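One-letter residues, chain by chain:
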Amino acid sequence: MSTDVTDKVPASAPPGKSGGSAAGGNLLQLILGGLRRNMRQYGMLIALGLIVVLFQVWTGGDLLLPRNVSNLVLQNSYILILAIGMMLVIIAGHIDLSVGSLTAFVGAFAAVLTVQHGVAWPVALVLCLLVGALAGSVQGFLIAYLGIPSFIVTLAGMLLFRGLTEIFLQGQTLGPFPNGLQKLGNGFLPEVGPNTNYHNLTLLLGFVLLAFVVYQEVRDRKREQEFSLDVLPRNAFLLKLVAIAAAVLAVTMLLASYQGAPIILIVLGVLVVGYGYVMRNAVFGRHIYAIGGNLPAAKLSGVKDKKVTFLVFLNMGVLAALAGLVVAARLNAASPKAGLNFELEAIASSFIGGASMSGGVGTVLGAIIGGLVLGVLNNGMNLLSVGTDWQQVIKGLALLAAVGFDVWNKRKSGS
Amino acid sequence: MAGPVLEMRSIVKTFPGVKALSDVTLTVRQGEVHAICGENGAGKSTLMKVLSGVHPHGTYEGDILFEGETCEFKDIRASEQRGIVIIHQELALVPFLSIAENIFLGNEHASGGFINWNETLKHATKLLRRVGLTDHPETRIADIGVGKQQLVEIAKALSKKVKLLILDEPTAALNDEDSGKLLDLILELKNQGITSIIISHKLNEIRRVADSVTIIRDGKSIETLDVKSKETTEDRIISGMVGRDLDHRFPERTVYEGELEAAPALEIRNWTVHHPIDQQRKVVDDVSINVRRGEIVGIAGLMGAGRTELAMSVFGRSYGRHAGGTVLKDGKEIRTRTVAEAVEHGIAYVTEDRKHYGLNLIDNINRNISLTALDKVAKRGVVDEHEERKVSERFRKSMNIKAPTVFETVGRLSGGNQQKVVLSKWIFAGPEVLILDEPTRGIDVGAKYEIYTVIDQLAAEGKAVVFISSELPELLGMCDRIYTMAAGRLTGEVPRAEATQEVLMRQMTKDKEVTR
């Protein structure tokens, strides 16, 4: 406990005593104080937790059954992939309405390639991603270099790609896909090693992830201390670590006790870590925040705003293509009606996850949390056999509540 | 003398974590023009927001008495009904509506929800005449200048039967001519019996129109002085504002010790720029200037002289259409077609409008400082946050940016501290030539001195500094040479020894009508 004295105690909490017994009460206040100051970050995480607990109770424990958790991941993976790209677009101060249609279009393209022309699936996969990149770059070019508003360009794209999809498929559903591609939507990690009643590879991955996260947290804290910044006191920090560890382990065990981690979860994990890192640490990511936060200032700082905007939309195209492949693989067919309203779900996820209409604000993790809030609501209400009519009403209210809470919270803190 | 029309007693206003007003008492006499001055962040604007009901009754402590009655305004409408009207620094006019529509916005001449245009136009014309405007009331606000817009705001206030008019830095965006008109109007309104409170940084204005001045410092009212009295000199007011005697407003210039090269660090030759929309108009007309290492060169000029336009078009063609001219660095011609190219050649432009062109207000100090030169703290496109923070911490200390950490949101800082962040950002980029556009606009006296010291240091380190300013004393105090511009043309070059305000002003007003 003696090291606590050197830690700066946040101003809102009473000065910490180094005596051991007082820790209980102080700790609670510290955590509450920390929550108050980081409402924006933690608010939605807590909301997500509450929703999970509520539905777990209402469904009599069905929500967190291993099979359902696995389903939840598979059902929502494509929205989450889109939400990552959408978050970047929104941070840059734009919007993309075309991604739903683009996912359908890419699914149709994949079906035409593999089903009708027998192209090998890895080749088809690469071609599909290229088509996504092309679609994204055309839209990006029009927006960034010709200065046509993104709302208009992507609204046109939404109609255009939907129409092209129907032309491509001639109004029919095309399938089934080759095995390799199906795995992208429905597959699980292969089983290795002895029979332990758990999925070994999933367990292993879970432990590796846990070690990585703990290492990161500890390193970050050390660095903060070097600048004698406010850091969580040691006991609060330990509690945070335990909470993270518990969450990672719980999900790992849940998945490992069924068929293991879905392949798409691994893909998603890589995307989240990768994009999170880019947005936080890469020059490119910083430039996205800069142009969204204040475009004229970014321009006068030498940020190549057009190039950055172009790349953000190109990226959105690639991710939309990936999502399109996943949807098609999961349904095992390309349908003209695939991806309907996906753009709206992705946009809603971003805003629930803390994006701002005027740009410059938001995180990749926020988009994922926002997407999971919607996903758990969907899944939970399905389990409770709530009709799609009421599901939409409730999702609409959830979006309104989340953004309303954010606005209210900001006003309260006086900014 | 008449009795008090307004009394504010022991006003205390706290925001979460900050005490904006800790004890302010203000007494305004019937029919006078009462000035309020104080450094930025002293609490002037907050006080006026308390008075006008922007901060409603109950969110502050203390009493407000207007015409002898205690007032408890719950919003702006309530205060306007009593005849207290505030005109904010940022004008609150809708650009695409007409003058008349703006005057009666929220207060329309209407019956049954439909506007009576005859009445509206007749009344608007009458009001416009009172403020000395002859424009047609159906002219769009966007089509008249800032000076006239300010007068429309006053007409709007008059339409509300104003008894106490509050003007928050009314001349900040105006040129001398428009400022003069506005100040005359305030005196005219005074004759008509309207009491005014005017917040201003410009001491000469206060001397011209005000009867008394209340000085506010650190959220407290310090003293109220009679402006007409002989003892109330400008230095007297300044010392009240800063709480210390201000012997020297400018630092001693440090001499650059390095060798003088043959060629100037930056030379601009025959630079001509056309207006971005009206392409017939030359905004900058055949201007040639140069600046050497270790030198501070001023550019003086009135509004519309083309100083900012010159700087911005040189800096990556950020303004207008370039129509000829070259930029030379150390005697060699360079390309500055994009901001990135200009930065690469070691040129930095510190904007006059830090909020719109200088800073990402929703981001923190740390990231604002590093933005221009992110590559310096990044390897292969990945930012080293550790290194980045070291850099910004260093600037926070050396520039004396008043913030608890570098993670403070820039939008929450005061004007002076924001300016220090913009300067830090460009100093970090490591330029050899700095073009500073109004670097001390809208910041308080203490912070100004700090900025001057930084500028002096930059020159002493061998940087070439171009200093654009509308405040002649600061150019006289800081520069080695001063160029003057008028209506897009260079009208003179004055060495320090020969420069006086009169000399400069004569050249700044020269040739003005010839270029049309």
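Provided above is the structure to which this section pertains.
Keep in mind the model is a prediction, meaning the values are calculated, not measured.

What counts, and at which threshold
- Residues numbered from 1 in each chain as written.
- Chains lettered and ligands numbered in written order.
- Predicted model: local features only at pLDDT ≥ 70, side-chain atom pairs only at ≥ 80, totals over all residues.
- Helix = DSSP H or I, 4+ residues; strand = E, 2+ residues; numbered from the N terminus.
- Rg over C-alpha atoms; globule rule 2.2 N^0.38 Å.
- Buried ≥ 20, exposed ≤ 12 C-beta atoms within 10 Å, placed from the backbone.
- Core = buried A, V, L, I, M, F, W, Y, C linked by C-beta atoms within 7 Å.
- Contact = placed C-beta atoms within 7 Å.
- Pairing = 2+ DSSP bridges.
- Axes fitted to C-alpha atoms, helices over the stretch in contact; angles between N-to-C directions.
- Expected span 1.5 Å × (residues − 1).
- Right-handed = clockwise from strand over helix to strand, strands pointing away.

Examining the overall build of chain B
Reasoning step 1: What chain B contains, in helices and strands, is 17 helices and 25 strands.
Reasoning step 2: At 25 Å, chain B has a C-alpha radius of gyration in line with the 24 Å of a compact globule built from 516 residues.
Reasoning step 3: Considered along the principal axes of its C-alpha atoms, chain B spans approximately 70 × 50 × 50 Å.
Reasoning step 4: Taken over 516 residues, chain B has a buried fraction of 46%.

Comments concerning the overall build of chain A
Reasoning step 1: Helix and strand counts for chain A come out as 16 helices and zero strands.
Reasoning step 2: Looking at chain A residue by residue over its 415 residues, the buried ones come to 42%.

Thoughts on the nonpolar core
Reasoning step 1: Judged by nonpolar contacts, the single largest core of 183 residues is most densely connected at Leu82 and Leu325 of chain A together with Ile455, Val465 and Phe467 of chain B.
Reasoning step 2: With 18 residues, helix H13 (residues 305–331) of chain A is the single largest residue contributor to this core.
Reasoning step 3: Sequence-distant contacts of valine 465 of chain B, that is, excluding residues within four places in its chain, are made with Ile296, Val297, Leu434, Leu436, Ile455, Leu458 and Ala459 of chain B.
Reasoning step 4: Judged by nonpolar contacts, the second largest core, of 60 residues, contains Val33, Leu151, Val213 and Met241 of chain B.

Regarding the sheet that holds strand E25 (residues 489–495) of chain B
Hydrogen bonds between backbone atoms are what pair the strands of a sheet, whose relative direction is either parallel or antiparallel.
All names here are of chain B.
Reasoning step 1: Strand order in the open sheet formed by six strands is E19-E22-E23-E15-E24-E25, and the pairing between neighbours is mixed. Only two strands of the sheet have a single partner each, and these edge strands are strand E19 (347–350) and E25. Adjacent strand axes in the sheet meet at a mean angle of 20°, parallel and antiparallel pairs treated alike.
Reasoning step 2: The strands touched by helix H17 (residues 501–508) within the sheet are strand E15 (296–301), strand E24 (481–486) and E25, with E24 carrying the most contacts at an inclination of about 35°.

As for helix H9 (residues 234–256) of chain A
Reasoning step 1: The terminal C-alpha atoms of H9 of chain A lie 32 Å apart, and with 23 residues this matches the ideal 33 Å at 1.5 Å per residue to within 8%.
Reasoning step 2: Every buried residue of H9 of chain A is listed here: Ala236, Thr252, Leu255 and Ala256 of chain A.

A word on the pairing of strand E13 (residues 266–274) of chain B
All names here are of chain B.
Reasoning step 1: Of the pairings in the sheet, the one linking E13 to strand E14 (residues 282–291) comprises six bridges and is antiparallel in character. Directly across from glutamate 267, in E14, lies its bridge partner asparagine 290.
Reasoning step 2: In terms of strand pairing, E13 meets strand E17 (residues 326–329) through four bridges, oriented antiparallel. If you follow arginine 269 over to E17, its bridge partner there is threonine 326.
Reasoning step 3: With two bridges joining them, E13 and strand E16 (residues 321–322) adopt antiparallel strand pairing.

Comments concerning the pairing of strand E23 (residues 464–469) of chain B
Residues and elements named next belong to chain B.
Reasoning step 1: Judged by how many residues are buried, E23 sits mostly within the fold: six of six residues are covered.
Reasoning step 2: Residues of E23 alternate between two faces, with Ala464, Val466 and Ile468 on one and Val465, Phe467 and Ser469 on the opposite face, all of them buried.
Reasoning step 3: The pairing of E15 with E23 spans five bridges and is parallel. The partner of glycine 298 across the bridge, within E23, is phenylalanine 467.
Reasoning step 4: As paired strands, strand E22 (residues 433–437) and E23 are joined by five bridges and run parallel to one another. Following the sheet pairing, leucine 434 is matched in E23 by valine 465.
Reasoning step 5: Note that the unit made of E22, helix H15 (residues 445–460) and E23 has a crossover that is right-handed.

A closer look at the environment of histidine 136 of chain B
Reasoning step 1: Examined against the element boundaries, histidine 136 of chain B turns out to sit in the loop between helix H4 (117–130) and helix H5 (146–159).
Reasoning step 2: Here histidine 136 of chain B falls in the partly exposed class, since 13 other C-beta atoms lie within 10 Å of it.

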